[in-house]
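Spelled out from the first residue to the last, the chains are:
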2 protein chains.
Amino acid sequence: MIILDESKKILSESQEDYLKQIYLLIEDPQGIVGTQALAERIGVAPASATAMLHKLRALGLVHYAEYRGVSLTESGRKVALELLRHHRLLESFLQTALGYGWEEVHDEAERLEHYISETFETRMALWLGEPEFDPHGDPIPNADLVFPVVRTETSLTKLGAGFEGQIVRVATQDRDELNLLSHLHLLPGRFVKIAESGSNGVRLNVLNVDTSRQGNHFLIPLSLAARIFLQEGQPS
Amino acid sequence: MIILDESKKILSESQEDYLKQIYLLIEDPQGIVGTQALAERIGVAPASATAMLHKLRALGLVHYAEYRGVSLTESGRKVALELLRHHRLLESFLQTALGYGWEEVHDEAERLEHYISETFETRMALWLGEPEFDPHGDPIPNADLVFPVVRTETSLTKLGAGFEGQIVRVATQDRDELNLLSHLHLLPGRFVKIAESGSNGVRLNVLNVDTSRQGNHFLIPLSLAARIFLQEGQPS
DNA sequence: CTTTAAACTTAGTCATGTATAAATAAAAGT
DNA sequence: ACTTTTATTTATACATGACTAAGTTTAAAG
Ligand SMILES: [Mn+2]
Ligand SMILES: [Mn+2]
Ligand SMILES: [Mn+2]
Ligand SMILES: [Mn+2]
């Protein structure tokens, strides 16, 4: 549905998802991703991915050399960022405006990101007050597809006991994990203090929750703690 | 995207649009519609419609006999109403919640109606306060797909000079017509008095608009007047 | 009735996105 | 280097939804 500047060409939901997944699979800005990993992520056979890569290359959306891997061209990257903006604005909007539960937003956004118009995008952003981060704490590219300035965020596993800071990102889409974190008040915005940090997990005190629930001593397993990011600071 | 109760089968956007247009083209509850009219409405060649009708019949969604025309089965009708509910809730929501212009809502709703979930539908309805009519004045089936009780509405062309009533429906999706009506304050909810009704059109006085614009004597052509519906009554 | 026109369906193609099976290239192991 | 394993591509096929051209049915006129 996203319309390319140049020829006003319209991409299919499939094509868009390939571009988005290529973007997300490439960590380093200069990296490439292989056919297998891509196919696996999209949920198709490797041969199907190869076929699609030929088409995307013909459209000028990817750099792709047979057997060597794939990366995005400038216009391919724009499509991916456009989608990312739609997705993250949608997650914010569904939660804030429509009262969606924390775990319900992802699937809906995954589908709708391909079908909302630029007008819809603009109006959501306006309604939300041009947010820079979504409910997970993930950065939202602005209308010109530029990311907000990065915050200094550090994974829970890299901080020691006694550290005080604010949760700024929770890098998981898993429903159960999100429900757990939601229950424990461990969502972006919360201020916490690390009570204990060991090899089997991390214990936190939530600082700005009513005193009756203060002594929050649940042990967060390392696998999850690694995906919770803090920024130093105290509640204002 | 709409999921059939029985086999959890998912319909394509195309299939859904066929069912919806069959529904809209059949005025009488017991009527049928021909291949040509249907094809024209969808924007495909008649042969393409024939092919699709075979598929929809195989899915148990339409009654269809070659050369004799098509109508909806009970489950086909449910899909059509489901879509209609999505469409009309979306139009209301885009306008009320997101500040869409009167003419912008239709195209967006036409696409999104196929991709929103039942959750999205439910939340929109809640946000809007379970509305029974959309911004055009068209009735919205409730969650059980039952229409609200019909209002007594009469086309402008069937009423004489001096009649006072409230606009309850504006049966057009045309952007220019909608813009015009919007400018003239002739939208559902307004109270008007018929100033003149002749063979070249109808002139209205808008009753509850500031006095400076009272003498609204624009001539509404009959073709448009026929699609404006009033209910008798005075402003409260 | 028979002829003609309109509506409709069938037959044969095409584009898109997927799949499996077989072939080939690249990487790893010895 | 040679061999084996793994990644990837090619060849072929299938489903969907569209098209055009040609044939068929039905309805309207004479
Ligand atoms: Mn998606
Ligand atoms: Mn956009
Ligand atoms: Mn539609
Ligand atoms: Mn629904």
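Draft legend 1. Structural detail: the protein's contact with DNA strand C. In the neighbourhood of DNA strand C, 22 residues make up the surrounding shell, with Ser12(A), Ser48(A), Thr35(B), Thr50(B) and Tyr64(B) lying closest. Backbone atoms, meaning sugar plus phosphate, form 77% of the atoms of DNA strand C positioned within 4 Å of the protein. Residue Ser14(A) places a side-chain N or O atom 3.0 Å away from a phosphate oxygen belonging to DNA strand C. Within the side chain of Ser48(A), a nitrogen or oxygen atom sits 2.7 Å from a phosphate oxygen of DNA strand C. Elements supplying a minimum of two residues to the surface near DNA strand C: helix H1 (13-25) and helix H3 (46-58) of chain A together with helix H2 (35-42) and helix H3 (46-58) of chain B. Tallied by class, residues from the surface near DNA strand C come to 10 nonpolar, 9 polar and 3 charged.

Draft legend 2. Representation of the sheet that holds strand E7 (residues 219-220) of chain A. Residues and elements named next belong to chain A. If you walk across this open sheet you meet the 6 strands as E3-E8-E4-E5-E6-E7, and the pairing is antiparallel. Only two strands of the sheet have a single partner each, and these edge strands are strand E3 (154-155) and E7. In this structure, E3 lies alongside strand E8 (residues 228-232), joined through 2 bridges in antiparallel fashion. From the neighbouring strand, Thr-154 faces E8, where its bridge partner is Leu-230.

Draft legend 3. Examining the interface of chain A and chain B more closely. Counting residues at the interface gives 19 residues for chain A and 19 residues for chain B. Counting the surface lost from both chain A and chain B, the interface buries some 1700 Å², and carbon and sulfur atoms represent 63% of this. The largest share of the area that chain A buries against chain B comes from Leu98(A), Tyr115(A) and Arg123(A), three residues that together contribute 34% of it. In this structure, Glu104(A) and Arg123(B) form a salt bridge, with 3.2 Å as the shortest nitrogen-oxygen distance. Remark: the boundary between chain A and chain B carries 10 residue pairs in polar contact (both at pLDDT 80 or more). Secondary-structure elements contributing two or more residues to the side of chain A that touches chain B are helix H4 (74-96), helix H5 (105-112) and helix H6 (118-128) of chain A. Tallying contributions element by element places H6(A) first for the side of chain A that touches chain B, with 5 residues.

Draft legend 4. Quick peek at the packing of H4(A) against H6(A). All names here are of chain A. Between H4 and H6, the least distance of the axes is 10 Å, while the angle of their chain directions is 50°. Taken together, the axes of H4 and H6 are oblique relative to one another. Considering only the axes of H4 and H6, their crossing is left-handed. Where H4 approaches H6, its residues Glu-82, Arg-85, His-86, Leu-89, Leu-90, Ser-92, Phe-93 and Thr-96 are matched on the opposing element by Glu-118, Phe-120, Glu-121, Met-124, Ala-125, Trp-127 and Leu-128.

Draft legend 5. Molecular detail of the packing of aromatic side chains. In total, this model carries 4 aromatic pairs over all chains according to the counting rule given. With centroids separated by 6.2 Å and ring planes inclined at 70°, the aromatic side chains of Phe93(A) and Phe93(B) adopt a geometry described as edge-to-face. Placement of Phe93(A) in helix H4 and of Phe93(B) in helix H4 (residues 74-96) is noted, with the two residues assigned to different chains. Residues Phe93(A) and Phe93(B) agree in their burial class; the two are buried. With centroids separated by 3.6 Å and ring planes inclined at 5°, the aromatic side chains of Tyr115(A) and Tyr115(B) adopt a geometry described as stacked. Of this pair, Tyr115(A) sits in the loop between H5 and H6 while Tyr115(B) sits in the loop between helix H5 (105-112) and helix H6 (118-128), placing the two residues on different chains. Classification of Tyr115(A) by relative accessible area gives buried; the value is 9%. Clustering of aromatic rings is evident, with ring pairs tying together Phe93(A), Trp127(A), Phe93(B) and Trp127(B).

Draft legend 6. Examining unusual backbone geometry more closely. At Glu130(A), a residue that is not glycine, the phi angle is positive and equals roughly 45°. Locating Glu130(A) in the fold gives a position in the loop between H6 and E3. Judged by relative accessible area, which is 47%, Glu130(A) ranks as partly exposed. If you check the backbone angles, Leu145(B) has positive phi at about 65° while not being a glycine. Here Leu145(B) lies in the loop between H6 and strand E3 (154-155). By relative accessible area, Leu145(B) is classed as buried at 15%.

Draft legend 7. Examining the relation of the copies chain A and chain B more closely. You can overlay chain A on chain B at an RMSD of 0.2 Å; the transform is a turn of 180° with a shift of 0.0 Å along its axis. Such values leave the two copies arranged in the relation of a two-fold axis. The residues that chain A uses at the interface reappear at the interface of chain B in 100% of cases, marking a shared surface.

Draft legend 8. Region of the structure containing the sheet that holds strand E8 (residues 228-232) of chain B. The 6 strands lie next to each other as E3-E8-E4-E5-E6-E7 (chain B), forming an open sheet whose pairing is antiparallel. The open sheet has two free edges, formed respectively by E3 and strand E7 (219-220) of chain B, since each of these has just one partner strand.

Draft legend 9. Representation of the coordination of the manganese ion (ligand 3). Residue and element names in this part refer to chain B. For the manganese ion (ligand 3), every protein donor is listed as Asp-17 (OD), Glu-110 (O), Glu-110 (OE), Glu-113 (OE) and His-114 (NE2), and the spread of their distances is 2.2 to 2.7 Å. Summarised as a motif, the one-chain spacing of the donors to the manganese ion (ligand 3) is D-x92-E-x2-E-H. Side by side, Glu-113 and His-114 carry an identical accessibility label, which is buried.

Draft legend 10. Fine view of the coordination of the manganese ion (ligand 2). All names here are of chain A. At the metal site, the manganese ion (ligand 2) is ligated by Glu-82 (OE), His-86 (NE2), Glu-118 (OE), Glu-118 (OE) and Glu-121 (OE), and these contacts range over 1.6 to 2.7 Å. The motif formed by the donor residues of the manganese ion (ligand 2), counted along the single chain, is E-x3-H-x31-E-x2-E. Linking His-86 in helix H4 with Glu-118 in helix H6, this pair joins segments that are 32 residues apart in sequence. By relative accessible area, which is 41% here, Glu-118 ends up partly exposed.

The rules we used
Throughout, residues of each chain are indexed from 1 in the direction in which the sequence is written. Labels are handed out in written order, letters beginning with A for the chains and numbers beginning with 1 for the ligands. Only residues with pLDDT of 70 or above have their local features reported here, since the model is predicted, and side-chain atom pairs are shown and tallied only from 80 upward, although totals for entire chains, interfaces and linings are computed over all residues. To obtain the side-chain values, all non-hydrogen atoms of the structure were used and water was disregarded. It suffices for a single heavy atom of a residue to lie within 4 Å of a molecule or strand for the residue to be listed as near it. Between N or O atoms, a polar contact is any pair within 3.5 Å; within protein, one atom must be a potential hydrogen donor and the other a potential acceptor, and residues adjacent in sequence are included only when both atoms are from side chains. Segments assigned H or I by DSSP are reported as helices when at least four residues long, segments assigned E as strands when at least two residues long, and all are numbered from the N terminus. All amino acids are sorted into three groups, where Ala, Val, Leu, Ile, Met, Phe, Trp, Tyr, Cys and Pro are nonpolar, Asp, Glu, Lys and Arg are charged, and the leftover types, Gly among them, are polar. Strands qualify as paired when DSSP identifies two bridges or more between them. For this analysis, residues touch if any pair of their heavy atoms sits within 4.5 Å. Reported buried area values correspond to the accessible surface (1.4 Å probe) lost by two parts on association, with both partners' losses combined. The working definition used for a salt bridge is a side-chain nitrogen of Lys or Arg within 4 Å of a carboxyl oxygen of Asp or Glu. Angular values range over 0 to 180 degrees, each being the angle between N-to-C directions of two axes fitted as lines to C-alpha atoms, with helices fitted over their stretch in contact. Geometric relationships in this document are graded by angle, where less than 35 degrees denotes roughly parallel, more than 145 denotes roughly antiparallel, 65 to 115 denotes roughly perpendicular, and other angles denote oblique. The handedness criterion is simple: a crossing whose near helix is rotated anticlockwise from the far helix by less than a right angle is left-handed, and one whose near helix is rotated clockwise is right-handed. Centre distance within 6.5 Å is the pairing criterion for rings of Phe, Tyr and Trp, where only the six-membered ring of Trp is used; planes under 30 degrees apart are then read as stacked, over 60 as edge-to-face, and the remainder as tilted. Accessible area is worked out with a 1.4 Å probe on protein chains only. A residue is then buried under 20% of its type maximum, exposed over 50%, and partly exposed in between. For this overlay, a least-squares fit was computed on C-alpha atoms, restricted to residues scoring pLDDT of at least 70 in both copies. Note on donors: an N, O or S atom is included if it sits within 2.8 Å of the metal, or within 3.2 Å for Na, K and Ca, and water is never included, so sites can look incomplete.

By themselves these figures say nothing about function.
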